[in-house]
Amino acid sequence: MQYLSTRGTTSSLSFTQAVLTGLAEDGGLLLPRAIPRIDRATFESWQDLSYSDLAFEIMSRFIDDIPNSDLKSLISDSYASFSHNEVTPLVHIDGIHILELFHGPTLAFKDIALQFLGNLFTYLLKRDDTFLNIIGATSGDTGSAAIHGVKGKERINIFILHPHNRISEVQEKQMTTVSDSNVFNIAVNGTFDDAQALVKGIFGDVEFKNSYHLGAINSINWARILAQVVYYVFSCLHISGHEKHRAAAFSVPTGNFGDIFAGYIAKKMLPEGCISKLILASNSNDILSRFVNSGDYSLGEVMSTSSPSMDIQAASNFERYLYYLMDCEPDLVREAMLKFSVDGKLYLQDYMSHIKRDFVASTISEEEVLETISRYHKEHHYILDPHTAVGIRAAEQHQDLGVPVICLATAHPAKFGATVEKATGTQAEVPPVLSDLEDRPTRCEIMDCDRNDIMAYIVQHGISKS
Ligand SMILES: *Cc1c(COP(=O)(O)O)cnc(C)c1O
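Residues numbered from 1 in each chain as written. Predicted model: local features only at pLDDT ≥ 70, side-chain atom pairs only at ≥ 80, totals over all residues. Heavy atoms only, no water.

A. Fine view of the overall build of the chain. Of regular secondary structure, the chain possesses 20 helices and 15 strands. In terms of overall dimensions, the chain is globule-like: its C-alpha atoms have a radius of gyration of 21 Å, near the 23 Å expected for 466 residues. Projected onto the principal axes, the alpha-carbon positions of the chain cover approximately 60 × 55 × 50 Å. Going through the 466 residues of the chain one by one, you find that 60% of them count as buried. Summarising the internal contacts of the chain: among those between residues at least 6 apart in sequence, 75% fall at separations of at least 24. Working note: accessible area of the chain is about 18,500 Å², and carbon and sulfur atoms make up 47% of it. Charged side chains in the chain number 38 positive and 58 negative. The centres of these two groups are separated by 3 Å. (Helix = DSSP H or I, 4+ residues; strand = E, 2+ residues; numbered from the N terminus. Rg over C-alpha atoms; globule rule 2.2 N^0.38 Å. Buried < 20%, exposed > 50% of the residue type's maximum accessible area, 1.4 Å probe, protein only. Contact = heavy atoms within 4.5 Å. Areas by Shrake-Rupley, 256 points an atom, 1.4 Å probe, with all protein chains shown as cover. Lys, Arg positive; Asp, Glu negative; His and termini not counted. Charge placed at Lys NZ, Arg CZ, Asp CG, Glu CD.)

Right, here's the structure in full:
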């Protein structure tokens, strides 16, 4: 499978090149030349596959430059670290189906992609006898999932910047208690935006980037999207025996448009009607739900909410969807994205009928999040994390779809204890991976927002030859 840029001016890449490149050279995002189609007989033959075997069936259709036996072991190693044997179990509560994506090492759905990406990087670096220094900024979940994806791996060092004292205690501890010698936590005296700007600045120094083999792990990496396609297909197959020939809809709490875009790819791959609609659920940062409901994609101010991993305005994966919306015309995408970078807005009303074929959307307020968590606790004895609650509430507003709705549970409630306690008066049960965090020693460097200082730190602690 070849990979092309959404902006159309770079030559095509192999899967391996696409994974190691991240962003295309023309500033676009990479997409497979074609989406493989799965016919109904093949789809049904997958009914009894384990999660890892299904992941292999799906991923191998997008990857032709890794031998099958190697890909199989990469996949099964990646999902062996999950605490549930089905990896992503479906829980049924009074007509609502909850797809629990939080059984990985850091208790958020990002583990599903980042456990795989960590192993994939290690495999490719060994094959090509080279090394990587990963640099990223995090507001919480991505950093810890990335650290747990690469900790202890050869040929990779990881440097994660987080804003000092501005992330939750659990999130901070999940990163700073990792003791492997290839992990470097840097708490910067500043905000998340400051940390992000530092990382961008360092990547902008092309000579430094090339000599230190800087790598990114953010959500634009195609391998992350691909790994997430799997659980959409897995849950379609498992929604329940007698319902398997019917369609399902998915409700997806959305920030960067990564997870829901994986759902869109799954929808394109599977036989017509398997996935009838994707419900896009936003918190008060509503740029994406506004887009689906009215074609208005214009930046607002970022607001802090109880679902911080969705406190995002410009969604980094949106350009991938735009490419399909614009009938795979890279010239139109390039023009639209240049306009967006200047004006901070796009009006896409002309595409409404196309958008509505695949999506519906809701914006969920903070009060609604608390009310939903409280009600699920009282009526169903099930504790939702605030991100999941956004998706559940959105699903409740679209009961007219006429198909079962699968709601993605993107984080374990114990990660967001304060909001859960506010809504329910109790705490979620703390899983073993969090229970002894308090007592573990931490390792973190506190630094000022000074790009030269941070680059000097990377020079001192980074890998510089294989
Ligand atoms: C990252 C994240 C999201 C949003 O996912 P996107 O791919 O950015 O849309 C939702 N919930 C949780 C818990 C997350 O960590």
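B. Highlighting the sheet that holds strand β6 (residues 156-163). Strand order in the open sheet made by the five strands is β8-β5-β6-β7-β15, with parallel pairing throughout. Only two strands of the sheet have a single partner each, and these edge strands are β8 (214-215) and β15 (445-447). Pairing of strand β5 (residues 132-137) with β6, which is carried by six bridges, proceeds in the parallel orientation. When the bridges of β6 are listed, G136 appears paired with I160. On the sheet, helix α8 (residues 192-204) packs against β5, β6, β7 (183-188) and β8 and is oriented at approximately 150 degrees with respect to β5. (Pairing = 2+ DSSP bridges. Axes fitted to C-alpha atoms, helices over the stretch in contact; angles between N-to-C directions.)

C. Broad picture of the packing of aromatic side chains. Enumeration over the complete set of coordinates arrives at 27 aromatic pairs. Relative to Y321, the ring of Y264 has its centre 5.1 Å away and its plane inclined at 90 degrees; by these criteria the two rings are edge-to-face. One end of the pair, Y264, is in helix α11 (residues 258-269); the other, Y321, is in helix α13 (residues 318-325), and 57 residues separate them in sequence. Considered together, Y264 and Y321 belong to a single accessibility category, that of buried residues. Chaining the aromatic ring pairs together yields one cluster made of F257, F261, Y264, F291, Y297, F318, Y321, Y323, Y324, F340 and F359. Positioned above the aromatic ring of F56 is the side chain of K72, whose terminal nitrogen or guanidinium carbon lies 4.6 Å from the ring centre. (Phe/Tyr/Trp six-rings, centres within 6.5 Å; stacked < 30°, edge-to-face > 60°. Lys NZ or Arg CZ within 6 Å of the ring centre and 35° of its normal.)

D. Broad picture of the sheet that holds strand β4 (residues 96-100). Within the open sheet, the six strands sit side by side as β3-β4-β14-β9-β10-β13. Their pairing is mixed. One side of each edge strand has no neighbouring strand; the edge strands of this open sheet are β3 (90-93) and β13 (359-363). Here the strands of the sheet are splayed against their neighbours by 25 degrees on average, with no regard to which way each runs. The pairing of strand β9 (residues 248-253) with strand β14 (residues 405-409) spans three bridges and is parallel. Bridge pairing in β14 links S251 to C407.

E. Summary view of the pairing of β6. For β6, the tally of buried residues reaches eight of eight residues, placing the bulk of the element in the interior. Side chains I156, I158, I160 and H162 project from β6 onto one buried face, and the interleaved N157, F159, L161 and P163 project onto a second face that is buried too. What joins β5 to β6 is helix α6 (residues 141-150), and the crossover it makes is right-handed. Alignment of β6 against β7, held across six bridges, turns out to be parallel. Within the sheet, the bridge partner assigned to I158 lies in β7 and is V183. (Right-handed = clockwise from strand over helix to strand, strands pointing away.)

F. Structural context of the pairing of β14. Burial runs high along β14: five of the five residues are buried. Burial of the side chains of β14 extends over both faces: V405, C407 and A409 are buried on one face and I406 and L408 on the other. Here four bridges tie β4 to β14, and the two strands are oriented parallel to one another. The residue bridging E100 from the neighbouring strand is A409, located in β14.

G. View of α8. Across its 13 residues, α8 extends 18 Å between first and last C-alpha, which sits within 8% of the 18 Å expected from 1.5 Å per residue. Packing partners of the buried residues in α8 comprise β5, β6, β7, α9 (206-211), β8 and α20 (451-461). (Expected span 1.5 Å × (residues − 1).)

H. Representation of the pattern of salt bridges in the model. By the definition in use, this model includes 17 salt bridges. Note that R334 and D331 form a salt bridge whose closest N and O atoms lie 3.0 Å from each other. Linking R334 with D331, this pair stays in helix α14 (residues 330-343), spanning three residues, or about one helical turn. Using a relative accessible area of 26% as the deciding quantity, one classes R334 as partly exposed. Looking at D331, the relative accessible area reads 48%, which means it is partly exposed. (Salt bridge = Lys/Arg side-chain N within 4 Å of Asp/Glu carboxyl O.)

I. Geometry of the site of the ligand. Of all residues adjacent to the ligand, which total 15 residues, the nearest are K110, D141, G255, N256 and T410. Between S309 and the ligand, the recorded distance is 3.4 Å, taken from a side-chain N or O atom to an oxygen atom. Separating a nitrogen atom of the ligand from a side-chain N or O atom of T410 is a distance of 2.8 Å. Protein burial of the ligand: of its 380 Å² of free accessible surface, 97% is covered by the chains. Looking at side-chain class alone, the shell around the ligand contains five nonpolar, seven polar and three charged residues. (Near = heavy atom within 4 Å. Polar contact = N/O pair within 3.5 Å; in protein donor to acceptor, adjacent residues only side chain to side chain. Nonpolar A, V, L, I, M, F, W, Y, C, P; charged D, E, K, R; others polar.)

J. Here's a closer look at the side chain of N133. Position of N133 relative to the elements: it lies in strand β5. Engagement of the side chain of N133 in a polar contact is seen with the backbone oxygen of Y212, the distance being 2.8 Å.

K. Representation of the environment of D48 within the structure. Assignment of secondary structure puts D48 in the loop between α2 (40-45) and α3 (51-59). Residues D48 and F234 lie 186 residues apart in sequence; the distance between their C-alpha atoms is 9.9 Å.

L. Molecular detail of helix α7 (residues 169-176). What α7 keeps buried is the set Q171, K173, Q174, M175 and T176. For α7, the elements touching its buried residues are α6, β6, β7 and α19 (432-435).

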